[in-house]
Amino acid sequence: MSCQPTAIPPANNVDIPALRERYRQERSIRINSKGQEQYVRPKDDFADVYEGDPHMPTLPREPISEDLEVAILGGGWAGVLAGYALAKQGVKGFRNIDHAGDFGGVWYWNRYPGLSCDNDAYCYLPLLEEMNFMPTKKFTDGFEIRNYCQSIARKFGLYDNALFHTLITSMRWDESIKRYRLTTDRGDDIRARFVIMANGLLNIPKLPGIPGIHEFKGKMFHTARWEYDYTGGTQENPVLDKLADKRVAIIGTGATSVQAVPFLGKYAKELYVLQRTASTVDERKNTPTDPEWVKTLQSGWQRERQLNFHRFAMELPKAGETDLICDIWTEINRNLSVGFNENGWPTSPEEYMAKREVMDYRVMERLRHRVESIVQDKDAAEILKPWYRYLCKRPASNDEYYPTFNLPGVKVIDVSKTKGVERMTEKGFVANGVEYEVDCVIFASGFEVSSDLDRRWGFDIFEGREGKSIYDLWATEYRTLHGMMTHYFPNLFFTGFIQGGFASSTTEIFKLHGLHSAWVIAEAQKRGIITLEPSLAAQNKYVDFIRATAIDMSSFVRECTPSYFNNEGQEIVNNKGEKKFRSYTGEPYGPGFYAFEAMLQEWRDRGDMEGLDLGHA
Ligand code: NDP
C-alpha cells in the first residue's frame, strides 16, 4: 500500500506566532496550582477502583511462606516479557505476582467498550514471528491483545507459578538472608533473591478531585474497571443496552474516552462529555490484515517494521525510506521527508527541529479543520479543537468520535475555565454554573503516570540496604545504572522509562529490559554470585553520561498544556536546585532506543558486568 503525505494547509496560510500565542493562552487557562494533588487516590471510599476485581472472583487461599529465586512484580507486558526472557535463559524458580486475576496488565483491567490499541499492532504485539501469530487488523482490539499476551504466558510456562490476586504491600532488603522480603495483602512472606519490577505505567487509576465527589448518589466507576453489569454488553460485544434509559456523564477526553464515547453516545439516553482539554483525533484507516501481504513477509520482517516505525515516529527516516506505518504517529516525518528527499536532508538537529516545528503547526491546523468538517454544531466543533503542539497529548485516531457529537442526545461541555468539573452534587454535576442531573458518572480520568513514586507503585515501604527508601532516594531525580539497577538495591531490576532508551512501542522497551535482567540473573546463577549492585562510582558515571546525551525536552514540555506528559505542568526542583520537568519518558538516551539496545548488548558481550559490585556466597 502506498503511503502519501497528508493534505495540510500551506505554510504561508498558517500564522505561527498567532497560534503560539493561542497555545500559551489555552495552557494558562488549564494550569492548576494543585498539580498532582488535584487527583484523588483510589483509596478509602474509592478503594474498589483499585483493589477490587470486577472481572474474576478472588478465591481464598492460604498464605505462602517461601524462598524464591526471582519475583517478577507484575503480569502485564513487562512481566510477561521478563518471564519469557527468564524461561529462555533457563532460569528456574521464578514467579509473576500480580493483583489481577490473570496475565495482561492494562489489557486485563481495561475492558471498556471500544478498547483497542492506537498503535500499529504489527509493531506493538511482541514476538509475532516466534509465536507465529498475526493480529486480525492494524489497530487491534483489547481482547485480542489480552488473549495474545496470555498465550505467550501459556507457551513459556508462566502460568505454572503465577500468583494472581495478590497485591504487594511492602518490600525490604534483608541483609541477613540477602533477599528481598515481600509482604502481600494475602498474608504471604516471600523471600526473593532477585526482584524484577514489572509494575507498568498505567496500573493505578486516579480520580479527579472534584469538590463534592463523595456526594453523588448515582452510579460511578472508572474506565479501567468498566461495569458491564450496569451498562449491558460485554467487551467483545459492547451493546450497552441497559443505558437506554440512563443519563450518563463521562469525565475526561483522553485516549480512553475517545474510544468509549462512540458507544456511550450510541446507547445512552443522554450523554454529557465533560472536557477540560480536547484530544487530537485523526481518521483511523483501520484495515483487516491482508493474507496476501502476510504471504510476502520474510523472516525478520517485524524487526524491520519496528525500526521503520521508530525512525518515522521518533527519529529521522533514512533518505528515500518508505513509511510502512502510515498513520498519525508517522505523519510529520512522512510529510517532511518528501521535501528532504527533494531538497536535501537537514545538516543539523537544529535545522531539523526548526522544520519539524513548522510542520507540527500545519498538521495540527489540519486536525482542527477536520473537527469542523465533521461536527455540525459550530460551538461544539470549537470546543473539540485541540490547541497545543503535536505530542503534547497522546494523539488518537477514531472514525466515530466526532460524528457522535452530531447525535441528538450527546453534548460536549467545556469545563476548562474552572480547571475541571466545577462540582458534583447528590444528583449530578455542576458545570459553568448549571446543574445537570445524571444517573451515572464514568471517570475516564487516567492513571498515576508521573506523580510521586509511592503513588505510582502503590506500596508504602520499598527499602534497600541500610533501610534506604527508594522514595527518598528518588524523590527529585532518578539515579541508575542502565536505567535498570540502582545503588543500595542489590538484585533489583526496574523496567520502563527510566534513563534508558525510549521506543515507539512500549513493548519493545519491556522486551529489552526483560532480556537484559534475565541475562544478568542467569549469569549470576552460573557464576555463583549472590548479590550484584551498581557501585556508586559506576552509577554516578552513568547518570552523568545519560544526562550529557539525553535530549532535554524541558523547553518543549514547558509550553505544553498540562498532562501526565509534563507532571501537570509543574516543575520539580532537584537537589542541585535545578528546575526540571518530570517527564514520564525519564531522561531518554539521546542517540535513541536502538542505540541504547546496542550499548547494552556490548556490555553483556564484554561479560565482566562492569559497574556492578558482585557478592559471592
Ligand atoms: P488521560 O490521562 O490521557 O486523560 C485523562 C482525562 O481526564 C483528560 O482528558 C483530563 O483532562 C481529564 N480530567 C482529569 N481531571 C479532570 C477534571 N477534574 N475535570 C475534567 N476532566 C478531567 O487518561 P486516559 O485513560 O485517556 O489515557 C491514559 C493513557 O492510556 C494514554 O495516554 C495512553 O498511554 C493509554 N491508552 C492507550 C491506548 C492505546 O491505544 N494503546 C488507548 C487508551 C489509552 P486534561 O487533559 O485537561 O488533563
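Residues numbered from 1 in each chain as written. Predicted model: local features only at pLDDT ≥ 70, side-chain atom pairs only at ≥ 80, totals over all residues. Heavy atoms only, no water.

Chemist: In this structure, what is going on with the site of the ligand? I would like to understand it.
Modeler: Around the ligand, the structure places 26 residues, and the nearest of them are Asp118, Thr256, Thr277, Lys393 and Tyr564. Within the backbone of Gly254, one N or O atom sits 3.4 Å away from an oxygen atom of the ligand. Between Ala255 and the ligand, the recorded distance is 3.1 Å, taken from a backbone N or O atom to an oxygen atom. Notes on the ligand: free accessible area 910 Å², of which the protein chains cover 90%. With three residues, helix α8 (residues 255–267) is the largest single contributor of residues to the shell around the ligand. Residue composition of the shell around the ligand, grouped by class: 12 nonpolar, 10 polar and four charged. (Near = heavy atom within 4 Å. Polar contact = N/O pair within 3.5 Å; in protein donor to acceptor, adjacent residues only side chain to side chain. Areas by Shrake-Rupley, 256 points an atom, 1.4 Å probe, with all protein chains shown as cover. Helix = DSSP H or I, 4+ residues; strand = E, 2+ residues; numbered from the N terminus. Nonpolar A, V, L, I, M, F, W, Y, C, P; charged D, E, K, R; others polar.)

Chemist: Can you walk me through the packing of aromatic side chains in this structure?
Modeler: Under the definition given, this model contains 36 aromatic pairs. Note on Trp107 and Tyr124: the rings are 6.0 Å apart at their centroids and 70° apart in plane angle, and the pair reads as edge-to-face. Here Trp107 is found in helix α3 (residues 106–109), whereas its partner Tyr124 is found in helix α4 (residues 121–124), with 17 residues between them in sequence. In this structure Tyr124 comes out as buried when scored by relative accessible area, which is 7%. Ring pairs connect the aromatic residues Trp457, Phe459, Phe462, Tyr471, Trp474, Tyr478, Phe489 and Phe494, which therefore count as one cluster. If you follow Arg22 out to its NZ or CZ, it ends over the ring of Trp387, 3.8 Å from the centre. Above the ring of Phe139, the side-chain terminus of Arg284 is found at 4.3 Å from the ring centroid. (Phe/Tyr/Trp six-rings, centres within 6.5 Å; stacked < 30°, edge-to-face > 60°. Buried < 20%, exposed > 50% of the residue type's maximum accessible area, 1.4 Å probe, protein only. Lys NZ or Arg CZ within 6 Å of the ring centre and 35° of its normal.)

Chemist: Can you walk me through the packing of helix α11 (residues 331–343) against helix α12 (residues 349–374) in this structure?
Modeler: When two helices pack together, their arrangement is given by the angle between the helix axes and the distance between those axes. At their nearest, the axes of α11 and α12 sit 10 Å apart, and the two run at 125° to each other. Taken as axis vectors, α11 and α12 run oblique relative to one another. Along this stretch, α11 crosses α12, giving a crossing that reads as right-handed. On α12, the residues that touch Glu331, Ile332, Asn333, Asn335, Leu336 and Phe340 of α11 are Tyr352, Lys355, Arg356, Met359, Asp360, Val363 and Arg366. By residue class, the composition of the contact of α11 with α12 is six nonpolar, two polar and five charged. (Axes fitted to C-alpha atoms, helices over the stretch in contact; angles between N-to-C directions. Parallel < 35°, antiparallel > 145°, perpendicular 65-115°, else oblique. Left-handed = near helix turned anticlockwise from the far one by under 90°. Contact = heavy atoms within 4.5 Å.)

Chemist: Honestly, the pattern of salt bridges in this entry has me stumped. Any pointers?
Modeler: If the charged atoms of two oppositely charged side chains come close together, the side chains can form a pair. Here the structure, examined in full by the defined rule, presents 47 salt bridges. For Arg370, the salt bridge identified is with Asp282, shortest N-O distance 4.0 Å. In this pair, Arg370 is assigned in helix α12 and Asp282 in strand β11 (residues 281–282), connecting sequence segments 88 residues apart. Residue Asp282 is classed as buried on the basis of its relative accessible area, which comes to 7%. In this structure, Glu523 and Arg527 form a salt bridge, with 2.9 Å as the shortest nitrogen-oxygen distance. Of this pair, Glu523 and Arg527 are both found in helix α17 (residues 506–527), four residues apart, which corresponds to roughly one turn of the helix. A relative accessible area of 12% means that Glu523 is categorised as buried. Where salt bridges share partners, they join Asp67, Asp174, Arg181, Asp189 and Arg191 into one cluster. (Salt bridge = Lys/Arg side-chain N within 4 Å of Asp/Glu carboxyl O.)

Chemist: Which parts of the structure should I look at to understand the packing of helix α1 (residues 16–30) against α12?
Modeler: It is at 11 Å that the axes of α1 and α12 come closest, and there the two elements cross at 70°. Viewed along their axes, α1 and α12 adopt a mutual orientation that is roughly perpendicular. Between α1, through Ile16, Leu19, Arg20 and Tyr23, and α12, the contact on the second element is made entirely by Glu357, Val358, Tyr361, Met364, Glu365 and Arg368. Its residues placed into classes, the contact of α1 with α12 shows six nonpolar, no polar and four charged.

Any link to function would need more than the numbers given here.
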